[in-house]
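Listed here are the chains, written in short residue letters.
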Amino acid sequence: MPEGYSYAPQPIRKDGAGWLDKGPRDIMRDLENPDMLVPPKTDAGLVSNLKFSFSDTHMVLKNGGWSREITVRDLPIATTLAGVNMSLTPGGVRELHWHQQAEWSYMLLGHARITAVDQNGRNFIADVGPGDLWYFPPGTPHSIQGLEDGCEFLLVFDDGHFSDLSTFSISDWFAHTPKDVLSANFGVPMSAFNHIPKEQVYIFQDKVPGPIDTQKVQSPYGTVPQTFKHRLLAQTPIKTPGGSVRIVDSTNFPISKNIAAALVEIKPGAMRELHWHPNNDEWQYYLQGQGRMTVFAANGVARTFDYRAGDVGYVPFANGHYIQNTGTETLWFLEMFKSDRFQDVSLDQWMALTPTELVQSNLNIGPELLNVLRKEKWPVVKYPGFSYYPR
């Protein structure tokens, strides 16, 4: 074996399948992906890649912050949603802009001020912090600015082909409009536009804004009738012995008509139960910890992936899957859908609410399993003596 490979994991299963990998390899990557190097025996067939890390994306650096994105160009199967990870300095601004897509966001760190105006001239100004969401419908102009501690957030858009670098920015429009037209539109001399940007600004550094009360702008048409902000962490979670789930969609965040989501907590030894979603593909973002997911794609096809904080996962429509905590700390992740409602189907509950004799004969199982099936849904499960812990 080559020098230095004594500590390297090898593609050898306990049943003896596989052999040593003595050639060139990325050992650190193999250590991070044990279930891809040594797939469970139950994996079979061909499943598209369902994982991509923000650490492997192109970083756009600007005075005022940075951004990076995962779209179909990085994860081709992810056609329904795309994601952008962005950070703004204290005072850093994601300039005035709008999109053809809906924008859903989760605040990761720090605080920001968001502004928006709807098509009826009703405005919205609010401060957001860790665990808060915002949602801007397609075509709604808005901005984001870091406050005293700066901020980092996840943006999700309802189109996998989206790119944040191809949005409609106010500076870009000004730069590509003749100055005589700008003069006629606003009723001021062309000299008023002598110093406008020559191209899209995207992110820029500004001073930290004052208290929100000092920045309020009164609209003659009032404020937006439905808030663009939602405090997800203030929401009462669904709790089980293995963790918790907070579901947010148009039922409790009415403006969010294109994207539904759930914030999932999985304690060490616990797992997001075997389930599937009957309404659309699932786009995942891992916030903390590490886990693994096997996706069952029907017809004897399944594949297992390992995930860590900063990774994006994907599950095609109606594919069965689970997410298991494989680390020593709590696993937190977001699951998101291009839908106005969150929906999932529990394997356990389905079996419990089906005639017992039918389930028994279909799977050739006995009372040991049949007598413990749950009619109530537990999104996250953990049973003493039957939990996974790292070895």
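Use the structure listed above.
Residues numbered from 1 in each chain as written. Predicted model: local features only at pLDDT ≥ 70, side-chain atom pairs only at ≥ 80, totals over all residues. Heavy atoms only, no water.

**Student:** Just checking my understanding: could you explain the overall build of the chain for this structure?
**Tutor:** Scanning the chain for helices and strands turns up seven helices and 24 strands. Taking all 391 residues of the chain together, the buried fraction comes to 50%. In the chain, of all internal contacts separated by at least 6 residues, the share reaching a separation of at least 24 is 75%. As presented, the chain carries roughly 19,400 Å² of accessible surface, and 55% of it is formed by carbon and sulfur atoms. In the chain, 34 side chains carry a positive charge and 42 a negative one; their mean positions are 3 Å apart. (Helix = DSSP H or I, 4+ residues; strand = E, 2+ residues; numbered from the N terminus. Buried < 20%, exposed > 50% of the residue type's maximum accessible area, 1.4 Å probe, protein only. Contact = heavy atoms within 4.5 Å. Areas by Shrake-Rupley, 256 points an atom, 1.4 Å probe, with all protein chains shown as cover. Lys, Arg positive; Asp, Glu negative; His and termini not counted. Charge placed at Lys NZ, Arg CZ, Asp CG, Glu CD.)

**Student:** What exactly am I supposed to notice about the pairing of strand S7 (residues 123-128) here?
**Tutor:** Look at any regular strand and the pattern is simple: side chains alternate between the two faces of the sheet. Of the strand pairs in this sheet, strand S6 (residues 103-117) and S7 are connected by six bridges, and their pairing is antiparallel. Looking across to S7, one finds that Val 117 is bridged to Asn 123. Here S6 folds back onto S7, and the loop between the two strands holds five residues, one of which, Gly 121, carries a positive phi near 80 degrees. (Pairing = 2+ DSSP bridges.)

**Student:** Looking at this structure, how should I read the sheet that holds strand S15 (residues 260-266)?
**Tutor:** Consider a sheet: its strands pair through backbone hydrogen bonds, and that pairing is either parallel or antiparallel. Strand order in the open sheet formed by seven strands is S1-S20-S17-S22-S15-S14-S13, with antiparallel pairing between adjacent strands. Unpaired on one side and paired on the other, strand S1 (51-53) and strand S13 (238-240) mark the two borders of the sheet. Within this sheet the neighbouring strands show an average axis-to-axis angle of 20 degrees, counted without direction. Where S15 meets strand S22 (residues 331-337), seven bridges bridge the pair, whose relative direction is antiparallel. The residue of S22 that forms the bridge with Glu 265 is Trp 332. (Axes fitted to C-alpha atoms, helices over the stretch in contact; angles between N-to-C directions.)

**Student:** Please explain the side chain of Glu 273 as it appears in this structure.
**Tutor:** With respect to the helices and strands, Glu 273 occurs in strand S16 (residues 271-276). A distance of 2.9 Å separates the side chain of Glu 273 from the side chain of Ser 346, its partner in a polar contact. Beyond its immediate chain neighbours, meaning those up to four positions away, Glu 273 contacts His 321, Tyr 322, Ser 346, Asp 348, Arg 374, Lys 377, Trp 378, Pro 379 and Val 381. (Polar contact = N/O pair within 3.5 Å; in protein donor to acceptor, adjacent residues only side chain to side chain.)

**Student:** Would you mind showing me how to read the pairing of strand S3 (residues 65-70) here?
**Tutor:** Burial within S3 is extensive, with six of its six residues counted as buried. Two elements, strand S2 (residues 60-62) and S3, share three bridges in a ladder whose sense is antiparallel. Pairing of Val 60 across the sheet is with Ser 67, part of S3. Linkage of S2 to S3, two consecutive antiparallel strands, is achieved through a turn of two residues, within which Gly 64 is found at a positive phi near 120 degrees.

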